[in-house]
Structures are given as structure tokens and as C-alpha cells.
Amino acid sequence: MGLSREGFRGIVIDSLSHDKKFIPKIKEISARRVTLRLPSPVVLGQYVISSRGFAVVTVELADGTKGHAFSLDRGTPVALSINTLIAQPYKEIFDGDPIATFDALLRRMSAPLSSGASLRGLSLVDLAVHDAVARHKDITVVENFGKIKQAHPIWAVIGYPPSRGPEEIAWEVEAAVAAGAIGVKLPVGANPAKTRERIEAALATGLCPVATDLAWSCRSAKDAFEIVRGLDLAWVEDPFIPGSITELVQLRRMLDVPLASGDDETHLYHPQVFIETGALDILRIDATCQGGLSRMILLNEYMEKSGLAISWHVYDAIHNQIASIIDSPTFSIEYSAPGASVDPLAELILDQRSSGITHDGKGFKLAIPDLPEISDALDGPPRWVSYQ
């Protein structure tokens with residue numbers, strides 16, 4: 001459902017087809033895994049994270065233009081999938097139009113590419129190709145679609161590591177708002193009581209709207225409801241593990257604040273399963289694992305007609321531009337501070353920018369550092385700097 005090119009005439013995808021004869025062939029597609037060791041473990045319910053693994057993708061066109069993309073690989077063999085399964089057939093099919101190539105490859109290889117590590121891999125290759133094509137034209141990805149970059153609501157992901165108590169929350173809300181965030185989002189704490197105390201501490205500042213990510217920690221709608229009962233939240237996010245549609249529907253009926261879900265739903269039933277069941281108020285979308293920019297474009301009309309706003313899952317440099325291309329309203333673009341260990345590679349890029357190492361203003365405007373296979377993430381505490 002939704003994979004129809006006819007649904008995207010308003011965003012002028014015909015321009016890509018028209019220009020494709022001027023785009024060089026792909027010389028090489030390569031991926032590597034980079035591990036960043038965290039200074040302190042991140043504990044989200046039963047999910048203990050001592051390091052963050054990333055897949056970093058490079059696409060080189062025949063003229064030497066290079067495009068890049070990256071994302072968390074969640075411990076799955078994303079780089080391996082790209083190098084052994086995706087790279088060669090993608091190069092063979094690519095005709096200068098990333099959207100047509102994505103659609104053709106997915107239809108040719110739908111069984112291995114429709115979920116998991118391989119869908120993450122295809123998503124990243126797609127993003128890196130869009131980056132390369134825009135860079136070849138010496139423009140941004142947004143400009144390549146005839147669009148103008150828009151200003152989107154910027155939210156700060158605070159409260160990491162989740163072991164921090166409520167007494168340490170207020171200062172971070174203040175710092176994030178001072179840096180330009182219009183709202184903050186907290187993950188689960190060490191237990192349900194701590195989770196609620198941390199949320200209450202953020203709300204007590206009165207400085208901005210507050211949301212919470214329950215990080216797949218709840219088993220029932222009642223469990224989730226008890227944590228957030230009576231709290232005036234901007235939204236409640238991802239309370240259950242993927243596949244918990246019944247629980248989401250039940251919880252939405254109980255809540256009087258918006259419900260959001262979809263992080264790392266790495267399969268082609270997302271976002272349709274949420275839309276068709278009426279399970280959510282806000283869609284959580286992540287282009288790095290749900291089909292790249294091309295699938296967002298192919299689903300554009302369908303998502304817009306759903307009437308649901310989108311809350312984008314981290315990777316702000318990529319999602320900020322995609323949000324300006326598609327027609328669904330954006331509820332939030334989120335980012336984290338250097339030293340927070342939420343998205344430590346993006347945090348390293350942001351930290352380098354504050355030191356004068358910045359992007360060239362083309363493609364997705366990414367300046368990914370050339371890191372060794374294993375490196376250390378920035379140490380805490382979080383240092384909130386301006387998103388702009």
C-alpha cells in the first residue's frame with residue numbers, strides 16, 4: 001500500500017527522472033561498522049547498552065562525488081548486508097533515479113530486503129545515493145526536490161543515562177531550552193516510580209512541553225497508563241515492543257494525551273499497520289531503517305491522507321531535510337547533546353561543529369568523521385549547544 005509514484009506529483013519527483021541521464025553511474029557502494037564505547041551504560045528497562053554500533057555507508061559516483069549516511073545498527077549485520085547483498089545489484093540497476101532504483105530493487109529482492117538488517121542497509125544506501133546525487137548537482141537534498149528548507153519544531157532528548165535521578169533533570173531542561181529546544185523528551189528511569197519522578201521534575205520547571213519514551217518497557221496498557229496517569233504530557237512514546245498493536249489500541253483509549261510509536265519498526269508494514277488500526281495519534285518515523293528517503297516519498301500521499309503528524313526518530317540532519325520534502329506535518333525533530341550517549345556519532349559531529357569542523361552545505365549536510373573501527377563516545381555530562 002502506498003508504493004505508487006502517482007501519489008507524489010506535488011513534490012515533483014518527475015524532475016529526478018528528467019535529470020537522471022545527467023547523473024553518473026555508481027562506481028562503488030561500501031559500508032563499515034563503527035563502534036563507540038559509552039562512558040556509562042544506558043539502561044532502558046531490560047535493555048542494557050554499553051556501546052553503540054553504527055553502520056556508515058559511502059556511495060561514490062563515477063565522477064568521484066561521494067554521498068554518505070549512517071545510523072545505529074542495533075547489533076545487526078547492516079554493513080555486511082550492504083556489502084554482500086545490496087551493493088552489487090543496486091549498482092547494476094541504478095539509472096540516475098534513486099526512487100526508481102529503490103522500487104525496482106525492492107520488487108526484485110523483496111524477500112531478503114523487506115525487514116531487519118537488510119532493510120536498514122537498503123535504507124542507508126538509498127539515503128547515501130540521494131546525498132551523492134544532490135552533491136553532484138552542488139545543492140542540498142531538499143533543493144534537489146525543488147523544495148525550500150523549512151523550520152521544524154526542535155526537541156531535546158534529555159535524561160541520559162536513565163540512571164540519573166529526578167534531582168538532575170531540572171538543570172538539563174533549562175540547558176536544552178536555553179540552547180533552543182522547544183520541548184524535551186525523557187526515557188524510562190530505573191523503575192516505573194523513578195520514571196514518573198523524572199517526568200514530574202521536568203514538568204515542574206514549567207519551561208516547555210515534556211514527552212516520555214517508555215522504550216518498550218511495559219507489558220500491558222495498564223502498566224503504561226499507571227506510569228503517566230494524570231501527567232500533562234506532549235506525548236507518550238513506544239511503551240510496548242513491536243507487534244503490540246492490541247496494547248497500543250487499548251492504551252490510546254485510556255490516555256488523554258497523544259500516543260506515538262514506531263521507533264525501529266524495521267519492516268514494510270510500518271507505518272501502515274499503525275494507520276489502518278487507528279493505534280496512534282503521532283507517527284514515529286525513521287528513514288534510516290524504514291526505507292530511506294525514497295520510501296518516504298512513495299508513501300507521501302498515503303501518510304498525508306492519514307492526518308497524522310510525524311515525530312522523527314533522531315538523525316536530525318537527515319530527517320530535517322526529509323521533513324521539508326514530504327507533505328505530512330512534522331510534530332518534532334529531535335537531537336541530543338554531546339556527551340548524552342543517545343546518538344553518540346551525531347553528538348560527535350555536533351561537538352566538532354562547535355569546534356569549527358562543519359559540513360559543506362550540500363547533500364544532507366553531513367560531516368561524518370573518519371573514525372577507527374572501535375572508538376570512545378564523548379564523555380558526559382550532556383553539554384547542550386545550539387542546534388542551529
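Keep in mind it's a predicted model, so treat the numbers as computed, not measured. (Residues numbered from 1 in each chain as written. Predicted model: local features only at pLDDT ≥ 70, side-chain atom pairs only at ≥ 80, totals over all residues. Heavy atoms only, no water.)

Novice: How do you make sense of the packing of helix 2 (residues 78-93) against helix 5 (residues 116-136) when you look at a structure like this?
Specialist: When two helices pack together, their arrangement is given by the angle between the helix axes and by the axis-to-axis distance. In the contact formed by helix 2 and helix 5, the axes pass within 9 Å of each other and the chain directions differ by 60°. Put simply, helix 2 runs oblique to helix 5. Crossing of helix 2 against helix 5: the hand is right-handed. In contact with Val78, Ser81, Ile82, Leu85, Ile86 and Tyr90 of helix 2, helix 5 contributes Ala117, Ser118, Arg120, Gly121, Leu122, Leu124, Val125 and Val129. Residues that form the contact of helix 2 with helix 5 fall into these classes: 10 nonpolar, three polar and one charged. (Axes fitted to C-alpha atoms, helices over the stretch in contact; angles between N-to-C directions. Helix = DSSP H or I, 4+ residues; strand = E, 2+ residues; numbered from the N terminus. Parallel < 35°, antiparallel > 145°, perpendicular 65-115°, else oblique. Left-handed = near helix turned anticlockwise from the far one by under 90°. Contact = heavy atoms within 4.5 Å. Nonpolar A, V, L, I, M, F, W, Y, C, P; charged D, E, K, R; others polar.)

Novice: For this particular structure, what's the right way to read the pattern of salt bridges?
Specialist: Here the idea is simple: oppositely charged side chains can pair when their charged atoms come close. By the definition in use, this model includes 22 salt bridges. A salt bridge links Asp376 to Arg37, with the nearest nitrogen and oxygen atoms 2.9 Å apart. One end of the pair, Asp376, is in strand 12 (residues 374-376); the other, Arg37, is in strand 1 (residues 26-44), with 339 residues separating them in the sequence. Given the relative accessible area of 43%, Arg37 is considered partly exposed. Measuring nitrogen to oxygen at the nearest pair gives 2.7 Å for the salt bridge that ties Arg284 to Asp263. (Salt bridge = Lys/Arg side-chain N within 4 Å of Asp/Glu carboxyl O. Buried < 20%, exposed > 50% of the residue type's maximum accessible area, 1.4 Å probe, protein only.)

Novice: So what exactly am I meant to see when it comes to the side chain of Ser332 here?
Specialist: For Ser332, the location among the structural elements is in strand 11 (residues 330-335). Not counting chain neighbours up to four residues away, the residues in contact with Ser332 comprise Pro153, Trp155, Trp235, Ile310, Ser311 and Trp312.

Novice: Got a minute to help me understand helix 8 (residues 192-204) in this structure?
Specialist: Because the α-helix completes a turn every 3.6 residues, residues three or four places apart line up on one side. With 13 residues, helix 8 extends 18 Å from end C-alpha to end C-alpha; this agrees with the ideal 18 Å at 1.5 Å per step. Of the positions making up helix 8, those classed as buried are Thr195, Arg198, Ile199, Ala201 and Ala202. Buried positions in helix 8, seen along its axis, are confined to an arc of 155° and lie on one side of it. Exposed residues lying more than 90 degrees from the buried face of helix 8 are Pro192 and Ala204. Tucked inside the fold, the buried residues of helix 8 contact helix 7 (169-178), strand 5 (183-187), strand 6 (210-213) and helix 9 (221-228). The N-cap of helix 8, judged by a side-chain oxygen 3.1 Å from the amide nitrogen of Ala193 a few residues on, is Asn191. (Expected span 1.5 Å × (residues − 1). Arc of directions from axis to C-beta. Polar contact = N/O pair within 3.5 Å; in protein donor to acceptor, adjacent residues only side chain to side chain.)

Novice: Can you help me understand unusual backbone geometry in this one?
Specialist: Apart from glycine, the bulk of residues carry a negative phi angle, and the bulk of peptide bonds sit in the trans form. A cis amide bond, omega -5°, links Tyr160 with the succeeding residue Pro161. Examined against the element boundaries, Pro161 turns out to sit in the loop between strand 4 (154-157) and helix 7. Cis geometry marks the peptide bond from Gly380 to Pro381, where omega comes out at 0°. As for its position among the elements, Pro381 is in the segment after strand 12. The backbone of Asp138 sits at a positive phi, close to 65°, despite the residue not being glycine. Counting through the fold element by element, Asp138 comes out in the loop between helix 5 and helix 6 (141-144). With relative accessibility at 49%, the residue Asp138 sits in the partly exposed group. In this structure, Ser341 takes a positive phi of about 70° despite not being glycine. With respect to the helices, strands and loops of the structure, Ser341 is situated in the loop between strand 11 and helix 15 (344-354).

Novice: Can you walk me through the sheet that holds strand 6 in this structure?
Specialist: The strands that make up a sheet are held in pairs by hydrogen bonds between backbone atoms, and each pair lies either parallel or antiparallel. Taken in spatial order, the eight strands of this closed barrel run 4-5-6-7-8-9-10-11, and their pairing is parallel. Here four bridges tie strand 9 (residues 282-285) to strand 10 (residues 309-312), and the two strands are oriented parallel to one another. Note that in strand 10 the partner of Ile282 across the bridge is Ala309. In the packing of helix 14 (residues 316-325) onto the sheet, contacts are made with strand 4, strand 9, strand 10 and strand 11, and the angle to strand 11 comes to roughly 160°. (Pairing = 2+ DSSP bridges.)

Novice: Would you take a moment to explain the environment of Glu172 for this structure?
Specialist: Relative to the helices and strands, Glu172 is located in helix 7. Note: C-alpha distance between Glu172 and Ala260 (88 residues apart in sequence) is 23 Å. Apart from the residues within four sequence positions on either side, Glu172 is in contact with Ile158, Gly159, Arg164, Pro382 and Trp384. A polar atom in the side chain of Glu172 sits 3.1 Å from the backbone nitrogen of Gly159.

Novice: Any chance you could explain the pairing of strand 11 here in plain terms?
Specialist: Every other side chain in a regular strand lies on the same face of the sheet, so the side chains alternate between the two faces. Counted residue by residue, strand 11 has five buried out of six residues, so it is predominantly covered. Inspection of the sheet shows strand 4 paired to strand 11 by three bridges, in the parallel sense. Across the sheet, residue Ile154 finds its bridge partner in strand 11, namely Ile333. Note: strand 10 against strand 11, two bridges, orientation parallel. Directly across from Ser311, in strand 11, lies its bridge partner Ser332. The parallel pair strand 10 and strand 11, bridged by helix 14, forms a crossover whose chirality is right-handed. (Right-handed = clockwise from strand over helix to strand, strands pointing away.)

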